[in-house]
Amino acid sequence: MGIGELDREAHVPEATGVGAAPRTLAEALRAGDDGRIAALLRARPDLLAPVPNDLTQLATRAGTRGSVVRALERLDRFALQTAEALAVAPDPAPYPVLLALLTGDADAPEIEAALPRAVAVLREQALVWGDDERLRLVRTARELLAPSAQHPSPTGLGPTVAEATAGMSPGRLQEIIAAAGLPATHDPVSAVAALTGLFTDRTRMAALLDTAPPEALTVLDRLVWGPPYGEVTATPTPPVRWLRDRGLLLPVSTRTVVLPREAALHLRGGRAHRSPEPVAPVVATAREYRPQVVDSAAAGQAYTALATAEELLKSWDQGGPPVLRAGGLAVRDLKRTAAALDTPEPLAAFWLELLYGAGLLASDGEADERYAPTPAYDDWLDLPPAERWVALVVPWLDATRTPGLVGTLDGKGRALATFGPGLDRAAAPEVRRRVLALMATLPPGAAADRASVLARLRWDRPLRGGSGGPGTEPASAAGGTPADLRARIAEWTLDEAELLGITGRGALASPARALLNLPLAEAAPDPAHPGDCEPSVAASRAATLLAPLLPEAVDHVLLQADLTAVAPGPLRRPLAEVLSVLADVESKGGATVYRFTPGSVRRALDAGRTASDLHDFLTAHSRTPVPQPLAYLIDDVARKHGHLRVGAASAYVRCDDDAVLGEILADRRSDPLRLRRLAPTVLAAQADPATLLDGLRAMGYAPAAESAAGDVLITRADAYRTPPRTAPAPVPDGPPAPDATLLTAAVRAIRAGDRAATVVRKEPSAPLAAGALPRTSAAETLATVQAAALTGSAVWIGYVNAEGAASQRVIAPVRVEGGFVTGYDHTADEVRTYPLHRITGVAELEDGEA
């Protein structure tokens, strides 16, 4: 919509008490205070990019299709129904007419109480302007919401009589009004007006319908709530012919008829919607628990989440699966990860995406690209458990990547992969936070009913989705419409919140309330911890609340005679790291069971430990004596460890005992290694050192790798890491909300620009075209600004900057010298200097305007 079209939106004067009423949206904004403009920019931040030059430009931008669609998508159900009612009402519509369209003939106190708020919301977002006597819906919004054959209205109403009869012959119109019992008219306009008057007159319309055959009323009943269009044959039935002859069904084409809007409203009792929803659905309670029970259950889930994350990251310590050429993780690798975690594949995709979003997993960027933990993983491991939980949950709240979409198809029919492109959904953070906020409205310990949460979410944003909106077709979004995707994200949020320990038994836990800046469950508010604080402070509070609920780490294990060790709880970090090298995890649960094997003991020896180190470690950290079988196992593996040495030739084996080398050569299992004796104590191999080590270990030997200097090569437990990586940035859902500083500056700039654009100028000798810059000669320009500097008055100038952008400005010159004029720029609200050669012209202002 151009400026000219916007300014042509008619509006009669309203009684403001201060002169004429606004005739356009721009004038309505101009008549309001700065708070109204700030509220508009806060509600619709897309209007700020870039900051409008003046209020006319702001109004024009507020009426563009894209901006209006975004504003409509953010309306709640009743505000949207109010806008839809205005779209089918006369333009302009008095407030009583709007109220009647929403209430109908029945008393509806809830609608009467909710309508002022809905109108205020529409006014604040500049979708509606004008006083209560003449409410106007912005033209673009009316075009999007008004009924049409291409885009039926949610009201189910059809076109008006005037719209449906456009192009109908005058003779046919006279036949219709005659059949309806109306007197003949002299022209089509008065005929349409007479038919409209009949359909809007309740008494006469009721009398007409009393004469209708029962079958005709049945036909109307099928059309009254929409869709209002129906197909007819070339020879319609008598009931349809009766309705068509009296204009109750008007032809759209040779085979299609439509129920006119005025007739439908009479049949509906005056209501535009079948089911107005002025009150938001209540979030119901499914079950109630004691808050302590909820917090304990959530803490248990949080501990399990941390354990799962550590297990997954540790399994990729030496480098994870390769990156697909198109990006992402292969399906077979996702299946392997799911099997290792003993979880379904969708759940494995969630854990992987959670760690990826937290910056703990990434691709290494090498030629043979693979996924691996990042250096941030090591820093994360050093944090206390509660802080580690916060470090996972905070990125999850704001992540736009949606793991629930993994495995579904994109718009081109390709499956979406974990870590791959196409998983971002901009609405996901807003849906997550809204779902948790709705759960927080319940008393502490109350679990929300899922169906009621989804119903409230649909009421909050009935049009909101991935893409699409009013006037557009519902777009497919990974197997569903945008509205369906929003509901699925809400379902995933409820499941994921339980997995992460944000909720316990379906109720929001206290640490999560603190993290979301929501009031806690204390009986009395704590003045030291207000409900609204900085995100870092909220995260610290959440960690503080969670820490005492998590199981306390223990510094001991229970060794058993069957070569196992039982950890009665989570182990402290140094003990857990050493034990994970010395033994293999056999089972998990409330207590973790580790099993010692020759391979695990050799792994510890490869890491630089000696047999005496292992004995001392187990003695120090076991509450039970070290069993004899375990001591024998350690000594036996240590005695053999390093007896053989493997180095790089391609590879070689050396041993002080030449008989051992003879045994290896005689063993047929060594044939794939292609060994040959170079010396009594040295064998050469054509396999690489790693393959040679694995082959000899498979034969039952315990070789040790050595360096080029002949020293034993110690294999540390330190794992492969990617270069430093940042977590994936969320995809923004439109421009960010402006802060108070930006809003204040923007309002001042818009007001200043508007004063410059609307200031009254003295009439020039030659009239200017609309929006044209003043044109004067260089001498006239210099003389005028010098005179203004002497008298202290303001002038209107046209200015072209170095980039060629032209603008109009109002300045008060204070100094003119050296080819420059310095003065106070009322448009920019600051002192500026302008080159005289870039001023296109100058004009004086009317007295008192500056």
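Residues numbered from 1 in each chain as written. Predicted model: local features only at pLDDT ≥ 70, side-chain atom pairs only at ≥ 80, totals over all residues. Heavy atoms only, no water.

**A look at the pattern of salt bridges**
Pairing between side chains of opposite charge can happen when the charged atoms of each approach one another.
Working step 1: Counted by the stated rule, this structure contains 33 salt bridges.
Working step 2: Note that R123 and D132 form a salt bridge whose closest N and O atoms lie 2.9 Å from each other.
Working step 3: Judged by relative accessible area, which is 23%, R123 ranks as partly exposed.
Working step 4: Under the relative-accessibility criterion, D132 is labelled partly exposed at 37%.
Working step 5: Between D398 and R433 there is a salt bridge, with the nearest N and O atoms lying 3.0 Å from each other. Note that D398 is positioned in helix α21 (residues 385–398) and R433 in helix α22 (residues 428–440), a separation of 35 residues in sequence.
Working step 6: Residues participating in the shared-partner salt-bridge network are D91, R136 and R142. (Salt bridge = Lys/Arg side-chain N within 4 Å of Asp/Glu carboxyl O. Buried < 20%, exposed > 50% of the residue type's maximum accessible area, 1.4 Å probe, protein only. Helix = DSSP H or I, 4+ residues; strand = E, 2+ residues; numbered from the N terminus.)

**With respect to unusual backbone geometry**
Glycine aside, the phi torsion of most residues is negative, and most peptide linkages are trans.
Working step 1: Cis geometry marks the peptide bond from A49 to P50, where omega comes out at -10°.
Working step 2: Tracing the chain through its elements places P50 in the loop between α3 (34–43) and α4 (55–62).
Working step 3: Cis peptide bonds are those with omega within 30 degrees of zero, and the linkage from D91 to P92 qualifies with 0°.
Working step 4: With respect to the helices and strands, the residue P92 is situated in the loop between α6 (77–88) and α7 (95–103).
Working step 5: Not every positive phi belongs to a glycine, and A126 is a case in point at roughly 60°.
Working step 6: Inspection of the secondary structure assignment puts A126 in the loop between α8 (109–124) and β1 (128–129).
Working step 7: The residue F419 is not glycine, and still its phi comes out positive at about 70°.

**Here's the deal with the confidence of the model for the chain**
Should pLDDT be low for a region, the predicted coordinates there are not to be read in detail.
Working step 1: Residues with a pLDDT of 70 or more make up 88% of the chain, whose mean pLDDT is 85.
Working step 2: Segment residues 465–469 is flagged for pLDDT under 50; beyond a separation of four residues in sequence, or across chains, it makes six contacts in the model.
Working step 3: Scored below 50 in pLDDT, residues 471–480 shows 22 contacts in the model against residues more than four places distant or in partner chains. (pLDDT = per-residue confidence, 0-100. Contact = heavy atoms within 4.5 Å.)

**Describing the sheet that holds strand β14 (residues 584–587)**
Paired through their backbone hydrogen bonds, the strands of a sheet run either parallel or antiparallel.
Working step 1: Across the sheet, four strands lie side by side as β12-β13-β15-β14; this open sheet has antiparallel pairing. Since the sheet does not close on itself, it has two edges, and those belong to β12 (558–560) and β14, each with one partner. Each strand axis lies, on average, 30° off the axis of its neighbour in the sheet, ignoring direction.
Working step 2: Here β14 runs beside strand β15 (residues 592–595); their pairing, made up of three bridges, is antiparallel. Paired with S587 across the strands is V593, a residue of β15. (Pairing = 2+ DSSP bridges. Axes fitted to C-alpha atoms, helices over the stretch in contact; angles between N-to-C directions.)

**As for helix α31 (residues 658–666)**
Working step 1: Along α31, the positions that sit buried rather than exposed are V660, L661 and I664. Burial along α31 is one-sided: seen end-on, the buried residues are contained in an arc of 100°.
Working step 2: Tucked into the core, α31 has its buried residues touching β17 (651–654), β18 (675–679), β19 (682–685) and α32 (689–698).
Working step 3: Put simply, D657 is the residue that caps the front of α31, since its side-chain oxygen is 3.1 Å from the backbone nitrogen of A659. (Arc of directions from axis to C-beta. Polar contact = N/O pair within 3.5 Å; in protein donor to acceptor, adjacent residues only side chain to side chain.)

**Some thoughts on the packing of helix α28 (residues 598–606) against helix α30 (residues 628–640)**
Working step 1: Where α28 contacts α30, the axes come no closer than 10 Å and their chain directions differ by 60°. Between α28 and α30, the angle falls in the class oblique. Considering only the axes of α28 and α30, their crossing is right-handed. Contacts from P598, V601, R602 and L605 of α28 reach α30 at L633, I634, V637 and A638.
Working step 2: In terms of residue class, the contact of α28 with α30 is made up of seven nonpolar, no polar and one charged. (Parallel < 35°, antiparallel > 145°, perpendicular 65-115°, else oblique. Left-handed = near helix turned anticlockwise from the far one by under 90°. Nonpolar A, V, L, I, M, F, W, Y, C, P; charged D, E, K, R; others polar.)

**Regarding the sheet that holds strand β24 (residues 830–835)**
Working step 1: Read across the sheet, five strands follow the order β24-β23-β22-β21-β25 without closing on themselves; strand pairing throughout is antiparallel. Of all the strands in the sheet, the pair left with one neighbour each is β24 and β25 (839–844). The average undirected angle you get between the axes of adjacent strands in this sheet is 45°.
Working step 2: Pairing geometry for strand β23 (residues 820–825) and β24, over six bridges, is antiparallel.

**With respect to the environment of A272**
Working step 1: Of note, A272 is situated in the loop between α16 (261–267) and β6 (285–288).
Working step 2: We classify A272 as buried; its relative accessible area is 0%.
Working step 3: Each C-alpha atom of the pair A272 and T155 lies 5.7 Å from the other, and the pair is 117 residues apart in sequence.
Working step 4: Beyond its immediate stretch of four places on either side in the chain, A272 contacts A85, V88, L101, T155, L157 and L265.

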